[in-house]
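Architecture at a glance
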Amino acid sequence: MKDQRRDLPSVNTLLETSGVKWLLDQHPRRIVVDAVRSAVEAARTAGGAQPTDEQWVETIASAVRDATRPSLRRVINATGVVLHTNLGRAPLADAAIRAIGHVAEGYSNLEYDIETGHRGSRYSHCVGLLRQLTDAEDALVVNNCAAALVLTLNALAQKKEVLVSRGELVEIGGSFRIPDIMARSGAKLVEVGTTNRTHDDDYRRAITPKTAAIVKVHRSNFTIEGFTAEVSVDRLAFIAAEHGLPVIYDLGSGLLLPLDDYGLSGEPTASAALASGATLVLMSGDKLLGGPQAGIILGSAAVVAKLRKNPFARAMRVDKLTLSALEATLRLYLEPGRALKEVPILAMLTESVEQLESRARSVVSSLRSSNIDAEVAPSTASVGGGAFPTADIPSRAVVLSKDVERTEERLRRGEPAVIGRIADGKLLLDLRSVLPREDGVLVQAIVKARS
Ligand SMILES: *Cc1c(COP(=O)(O)O)cnc(C)c1O
């Protein structure tokens, strides 16, 4: 039998064909050349019959598509988990997106005082708004909440002891654990109490001349139930004050507006956390606040001043894009009604089931007019991202029952990727985590996945 592999065209021959020439006009030469090489290599490994000219171009074009696709790309989150850490947590408000574009386009007064014409401080941005919105004396923004914790403990408790309840030694996801993060700050953790119960006296007994702070970690991604006891922040503040110690409250979730009216309760707002007597409150910018990834430190002006001077503050400082997005997001909160509408996370969490039902019906009817069978079904969404861990939020899903696995895969690998979930052999696309303006794209993606 004749060895077909010997007849494979050379890379140069393929580069001369019209289909590949067209690709060379559109894309960087090295990407196309790599794609041709890998196509030839793949054909050699596969053996068998020579690909036709058309097949060559198809294989090469697909390799070029893969190579030119951005690694970080847009995804439609139809999981029903609104703050999905793997899917980038909070989508930004339009105002925040515009602010980033504006600042990114040119130079900015990041560290320049326009009034005086002298050097300014990047730490001045967002502080006024954070103070206004939370009644904090002062504020500092760093890269994320974990950084805020490391900076705080390093500045206040390096080589000293920090008390934390055994019931709060939590893992925050991606197998990162708060106690490990705290230990890296150079502070020594002193665990007090037990997993389920910690009392005032557990803290009191553990305080020594080496104690530098009491830390309270908000149980943001789990609850403990049954025979439990914990010491509230106001009690901790009282105990700490007896010894002149600060209370650091790692709140994580970053809620600025109460959401009790929408069936979401139990998560303290930043201002309530401060009002309960914490010296510092630490939270994320991209959880319930709905802004960019950031760590926000709120509280005592004297302590925040100390943090600003710590070398970690420089290592963990935020960039101008983050500050611009955070400032624009915070500004929306000056009018709570506006924040509820325009901060996507808040809009998604507070959208009525009636509204979701009507969106789901309209998606289903568009699908049916493309001959795709789909139904609307009740679904249960969740907040995710370390906040309101037990909240079941009523929602609506578009349900596809045919060809489920293949549809799921094609949707996931499509452009944009659509991530849903399979339950009881059906594919559920929960609309609570889909932005209303994505509904049309979602329909197109489903039609394409089913084609
Ligand atoms: C999420 C969370 C963190 C970490 O926040 P990042 O901004 O992701 O670094 C820390 N502490 C608590 C309690 C959290 O919920």
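The model shown is predicted, which means the values in this text are computed figures rather than measured ones.

**With respect to empty space enclosed by the protein**
All chains considered together, the criterion is met by 1 cavity of 30 Å³ or more. Counted as a void, the largest cavity has a volume near 40 Å³. In this structure, the largest cavity is lined by R122, Y123, H125, V127, A139, L140, V141, V318 and L323. Here the lining of the largest cavity takes 3 residues from strand β4 (residues 138-142), the largest share from any one element. When the residues that make up the lining of the largest cavity are grouped by side-chain class, the tally is 7 nonpolar, 1 polar and 1 charged.

**As for the domain arrangement of the protein chain**
Split by domain assignment, the protein chain resolves into domain 1 (8-67), domain 2 (75-86 + 346-449) and domain 3 (94-342). The C-alpha-based centres of domain 1 and domain 3 are spaced at 53 Å.

**Points about the pattern of salt bridges**
Under the counting rule described, the total for this entry stands at 31 salt bridges. We note a salt bridge from E408 to R412, for which the minimum N-O separation is 2.9 Å. With a gap of 4 residues between them, E408 and R412 both fall in helix α18 (residues 404-412), about one helical turn apart. Put simply, E111, R119, R122 and R317 are held in one network by salt bridges that share partners.

**Overview of the nonpolar core**
Among the nonpolar cores identified, the biggest contains 70 residues, and L298, L330, Y333, L349, V383 and F388 are the most heavily contacted of them. The element that contributes the greatest number of residues to this core is helix α14 (residues 320-332), accounting for 6 residues. Formed jointly, this core draws a minimum of three residues from each of two domains, domain 2 (75-86 + 346-449) and domain 3 (94-342). Excluding residues that lie within four positions of it along the chain, L298 makes contacts with L130, T134, A136, D138, A139, A270, L274, T279, L280, V281 and M283.

**What to know about the sheet that holds strand β10 (residues 247-252)**
Reading across from one edge, β4-β12-β11-β10-β9-β5-β8 is the order of the 7 strands in this open sheet, with mixed pairing throughout. Edge positions in the sheet fall to β4 and β8 (188-192), since each has one partner strand and no second. Strand-to-strand twist across the sheet, computed as the mean angle between neighbouring axes with direction ignored, equals 25 degrees. Most of the contacts of helix α6 (residues 127-134) go to β4, to which it runs at about 120 degrees, and overall it touches β4 and β12 (295-299). Sitting on the sheet, helix α7 (residues 145-157) touches β4, β5 (161-165), β9 (211-217), β10, β11 (280-284) and β12, and the angle it makes with β11 is about 155 degrees.

**Some details on the layout of surface pockets**
Within this model, the largest pocket holds a volume of roughly 800 Å³. Lining the largest pocket are 35 residues, and of these T85, R89, S284, D286 and K287 sit closest to its centre. The set of elements that each furnish at least two residues to the lining of the largest pocket consists of α7, β6 (171-173) and β10. Taken together, the residues of the lining of the largest pocket break down into 14 nonpolar, 17 polar and 4 charged. Residue contributions to the lining of the largest pocket reach at least three from each of two domains, namely domain 2 (75-86 + 346-449) and domain 3 (94-342). In terms of residues, the lining of the second largest pocket owes the most to one element, strand β1 (residues 75-77), which gives 3 residues.

**Overview of helix α10 (residues 233-242)**
In an α-helix there are 3.6 residues to a turn, and that puts residues three or four apart on one side. All buried positions along α10 are accounted for by V233, L236, A237, I239 and A240. Taken around the axis of α10, the buried residues stretch over an arc of 165 degrees, which confines them to a single face. Close packing links the buried residues of α10 with α9 (200-206), β9, β10 and α11 (270-275). Immediately beyond the C-terminal end of α10, within one or two residues, lies G244, with a positive phi of roughly 65 degrees.

About the cut-offs
Residues numbered from 1 in each chain as written. Predicted model: local features only at pLDDT ≥ 70, side-chain atom pairs only at ≥ 80, totals over all residues. Heavy atoms only, no water. 1 Å grid on protein atoms, 1.4 Å probe; cavity = no way out; pocket = protein on both sides within 12 Å on 5 of 7 lines; lining within 4 Å. Points joined across faces, edges and corners; volume = space filled by probe spheres on them. Helix = DSSP H or I, 4+ residues; strand = E, 2+ residues; numbered from the N terminus. Nonpolar A, V, L, I, M, F, W, Y, C, P; charged D, E, K, R; others polar. Domains from an automatic or database assignment. Salt bridge = Lys/Arg side-chain N within 4 Å of Asp/Glu carboxyl O. Core = buried A, V, L, I, M, F, W, Y, C linked by side-chain atoms within 4.5 Å. Buried < 20%, exposed > 50% of the residue type's maximum accessible area, 1.4 Å probe, protein only. Contact = heavy atoms within 4.5 Å. Pairing = 2+ DSSP bridges. Axes fitted to C-alpha atoms, helices over the stretch in contact; angles between N-to-C directions. Arc of directions from axis to C-beta.

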